[in-house]
Amino acid sequence: MNEPQVNVIGAGLAGSEATFQLARRGIRVHLVEMRPAKMTEAHQTAGFAELVCSNSLRNDSLETAVGVLKEEMRRLGSLIIAAADRARVPAGSALAVDRVDFSRIVTETLEREPLVEIVRAEAEEIPPGPTIIASGPLTSAALGEALNAIIGPRNLYFYDAIAPIVAADSIDTSITFRAARYGKGGDDYINCPMTEVEYEAFIDALLAAEKVELHPFEKPVYFEGCMPIEEMARRGRQTLAFGPMRPVGLTDPRTGRRPFAVVQLRQDDADGRLYNIVGFQTKMTYPAQRNVLRMIPGLARAEFVRLGSLHRNTFIDSPRLLNPTLQLHARDDLFLAGQMIGVEGYVESAAAGLLAAINAARLVTDATMVVPPPVTALGSLIAYITDTRRRDFQPMNANYGLMPPLGAGTRGREKKTATGTRALAAIDEWIASNSIEPAQARTAANS
Ligand SMILES: Cc1cc2nc3c(=O)[nH]c(=O)nc-3n(C[C@H](O)[C@H](O)[C@H](O)COP(=O)(O)OP(=O)(O)OC[C@H]3O[C@@H](n4cnc5c(N)ncnc54)[C@H](O)[C@@H]3O)c2cc1C
């Protein structure tokens, strides 16, 4: 008897979620992950769903679209969100995780799934039959070529930078202070306050610092949410003071005043031994990073557990290549998910894996394909990236701007909450009307 099976390539955020969703729908999964046999430029472990940069899955309230997206995923039985909820570390209104625990929960959950066969090898070809490709922004070259052979030479690529991590015990806490902006989340962040003079000196050093050079063929097009700090400084001396170093909502208890600028450090592990420098992606050389970042008040003796670096980001021209069901126009049993379809971020990538899996499961069981409505966070994101009118496609993360506006009359926070409430009602209705069985998010840790 031929049991339905789906191949999944890549056990990152999208591939792990897709595998879980398929297995919980009774579909056999052949999951191929190349680590640890072959590593990417950014991953450091063999674990599934490794978070390569920040440990935050961003805001968890309904006031933000990414908070709504997480809630939609919870209602669909997401493994990634269940694992994140379990591995949570304090981070104000953000859902931040201990990355080691998080990856372990996802890995162990999938290893225990009886319908999942895990193969640790690089996929160099795209297999025949129903397949989800979720090989991420750092897709191996061989697989990228195999994909190009199907879609034509329309793979785009650009470059991202990642933020450094410091050891907590190397931070000078006589200079820093603990607080979250506007008091939301107690004292979850360590804040390094800067005077105007310190800020100006910092910007001078940043502009003068040695950077890692790009090859001539590498076009430096940055996703706005992941722009290196030196690139922001190059655009204007005050850009950082209005961006990641903005002091709003913070008062230095030693002066009783708002500092001129603030560098925020966010807890990166459950024990609070590691802190990442929020929004400080950089492509300075390692020696330059040590020099420049130690100018930050409180970090003069900082021990850097990881320095920032620059990475490839591969994604396809989705508006021209992909259906909203996440099937390729060129081959309807081939689904793509995750960052490579041009969604940006851990949560968005996992959400795309979830939708690809729902549809792949429906394909092999002869059910009709489904797409969440555009008033939902997931539906609005998918509608955006597959909008055929779009030119010069760039990756996008979940945001309220993608969702159809509410009627006139609501504003500000009330408007956001109403948009979120509308989205959740719509996802419930979508789940019910399409008989979508939410996968039971029972993780290894609680089974
Ligand atoms: C350097 C960098 C920093 C980032 N920082 C952030 C951040 O701070 N916050 C955020 O929200 N997002 C960040 N992103 C985006 C992040 O990659 C995505 O949000 C998310 O990890 C993408 O999920 P994914 O499943 O598509 O890819 P991944 O999580 O990267 O998973 C892809 C998997 O496929 C595997 N693979 C690749 N090729 C093959 C092959 N041929 N055969 C088998 N397996 C293969 C890889 O080993 C990997 O495990 C960053 C991306 C990069 C590159």
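The model shown is predicted, which means the values in this text are computed figures rather than measured ones.

## Observations concerning the side chain of N55
- Structurally, N55 is set in the loop between strand 2 (28-33) and strand 3 (56-59).
- With a relative accessible area of 0%, N55 lands in the buried category.
- Side-chain polar atoms of N55 contact the backbone oxygen of Q267, separated by 2.9 Å.
- Looking at N55, its side chain comes within polar contact range of the main-chain oxygen of D268, at 3.2 Å.
- Not counting residues within four places of it along the chain, the set of residues in contact with N55 comprises V89, L95, A96, V97, R99, R266, Q267, D268, D269 and N276.

## Digging into the sheet that holds strand 10 (residues 177-178)
- In spatial order, the strands read 10-11-12-13-9-14; together these six strands make up an open sheet with antiparallel pairing. Edge positions in the sheet fall to strand 10 and strand 14 (304-306), since each has one partner strand and no second.
- As judged from the two bridges shared by strand 9 (residues 165-167) and strand 14, these two strands associate in the antiparallel manner. Bridging across to strand 14, I165 finds its partner in R306.
- The sheet strands contacting helix 6 (residues 196-208) are strand 11 (189-194) and strand 12 (261-267), and the helix crosses strand 11 at an angle near 95°.

## As for the sheet that holds strand 1 (residues 5-9)
- A sheet is described by the order of its strands in space; here six strands give the open sequence 6-2-1-7-17-16, paired in mixed fashion. The open sheet has two free edges, formed respectively by strand 6 (116-120) and strand 16 (327-328), since each of these has just one partner strand.
- As paired strands, strand 16 and strand 17 (residues 331-336) are joined by two bridges and run antiparallel to one another. Among the inter-strand pairings, L328 is bridged to a residue of strand 17, identified as R331.
- Running over the sheet, helix 11 (residues 346-364) touches strand 1, strand 7 (131-133), strand 16 and strand 17 and is turned about 155° from strand 17.

## Notes on the pairing of strand 2
- Bridge count for strand 1 against strand 2 is five bridges, and the pairing is parallel. The partner of Q5 across the bridge, within strand 2, is R28.
- Read from strand 1 through helix 1 (residues 13-24) to strand 2, the crossover connection turns out right-handed.
- Looking at chain direction, strand 2 and strand 6 are connected through five bridges and run parallel. Within strand 6, the position partnered with L31 by the bridge is I118.

## Considerations on the nonpolar core
- Counting 93 residues, the largest nonpolar core has L22, L57, F102 and I132 as its most contacted members.
- No other element matches helix 11, which puts 12 residues into this core.
- Counting residues in each nonpolar core, the second largest holds 33 residues, with A168, M227, I296 and L299 among its members.

## What about the site of the ligand?
- Contacts to the ligand come from 32 residues, most closely from A14, E33, R35, Q339 and G345.
- The backbone of L13 places a nitrogen or oxygen atom 3.1 Å from an oxygen atom of the ligand.
- For the ligand, a nitrogen atom lies 2.9 Å from a polar atom in the backbone of A123.
- Protein contacts shield 97% of the accessible area of the ligand, which totals 970 Å² for the unbound molecule.
- Per-class residue counts for the shell around the ligand are 14 nonpolar, 14 polar and four charged.

## Comments concerning the state of the cysteines
- Under the definition given, this model contains zero disulfides.
- A disulfide-free cysteine, C192 has its sulfur positioned 17 Å from the sulfur of C53, the nearest such atom.
- Looking at C192, the relative accessible area reads 0%, which means it is buried.

## Thoughts on the confidence of the model for the protein chain
- Here the protein chain averages 91 in pLDDT, and 93% of its residues register 70 or above.
- With pLDDT under 50 throughout, residues 215-219 is counted as low confidence; its partners more than four residues away or in other chains account for four contacts.

## Some thoughts on the pattern of salt bridges
- Scanning all chains against the criterion turns up 25 salt bridges.
- As a salt-bridge pair, E33 and R35 come within 3.3 Å of each other at their nearest N and O atoms. The exposure classification of E33 matches that of R35, with both residues buried.
- Note that D252 is salt-bridged to R254, the shortest N-O span being 3.1 Å.
- Relative accessible area serves as the criterion here: at 52%, R254 is assigned to the exposed category.
- Connected through salt bridges with shared partners, the residues D60, E71, R74, R75, D85, R88 and D428 form a single ionic network.

Conventions we followed
- Every chain begins its residue count from 1, and numbering advances along the sequence as written.
- Reporting of local features is limited, given that this is a predicted model, to residues whose pLDDT is at least 70; pairs of side-chain atoms are given and counted only at 80 or more, and all residues count toward the totals for whole chains, interfaces and linings.
- Just so you know, side-chain values use all the structure's heavy atoms and leave hydrogens and water out.
- A run of H or I in DSSP becomes a helix once it reaches four residues, and a run of E becomes a strand once it reaches two; helices and strands are each numbered from the N terminus.
- Here's how the labels work: a residue is buried when its accessible area is under 20% of the maximum for its type, exposed when over 50%, partly exposed in between, all with a 1.4 Å probe on protein chains only.
- Polar contacts here mean pairs of N or O atoms no more than 3.5 Å apart (in protein, one a potential hydrogen donor and the other a potential acceptor; neighbouring residues in sequence count only if both atoms are side-chain atoms).
- Contacts are residue-level and defined by heavy atoms, with any inter-residue pair within 4.5 Å sufficient.
- DSSP calls a pair of strands paired once it identifies at least 2 bridges connecting them.
- Interaxial angles span 0 to 180 degrees and are taken between N-to-C directions of axes, which are lines fitted to C-alpha atoms, for helices over the stretch in contact.
- The path from the first strand over the helix to the second decides the hand: if it runs clockwise while the strands point away from the viewer, the crossover is right-handed.
- For this analysis, a nonpolar core means a set of buried residues of the types Ala, Val, Leu, Ile, Met, Phe, Trp, Tyr and Cys, connected via side-chain atoms within 4.5 Å.
- Nearness of a residue to a molecule or strand requires only that one of the residue's heavy atoms be within 4 Å of it.
- Residue-level accessible areas treat just the shown protein chains as cover; the underlying method is Shrake-Rupley with a 1.4 Å probe.
- Residue polarity is assigned by list, with Asp, Glu, Lys and Arg as charged and Ala, Val, Leu, Ile, Met, Phe, Trp, Tyr, Cys and Pro as nonpolar; anything else, Gly included, falls into the polar class.
- The definition used for a disulfide is geometric: two cysteine sulfur atoms within 2.5 Å.
- The predictor attaches a confidence to each residue, and that confidence, scored 0 to 100, is pLDDT.
- A pair is scored as a salt bridge if a Lys or Arg side-chain nitrogen falls within 4 Å of a carboxyl oxygen belonging to Asp or Glu.

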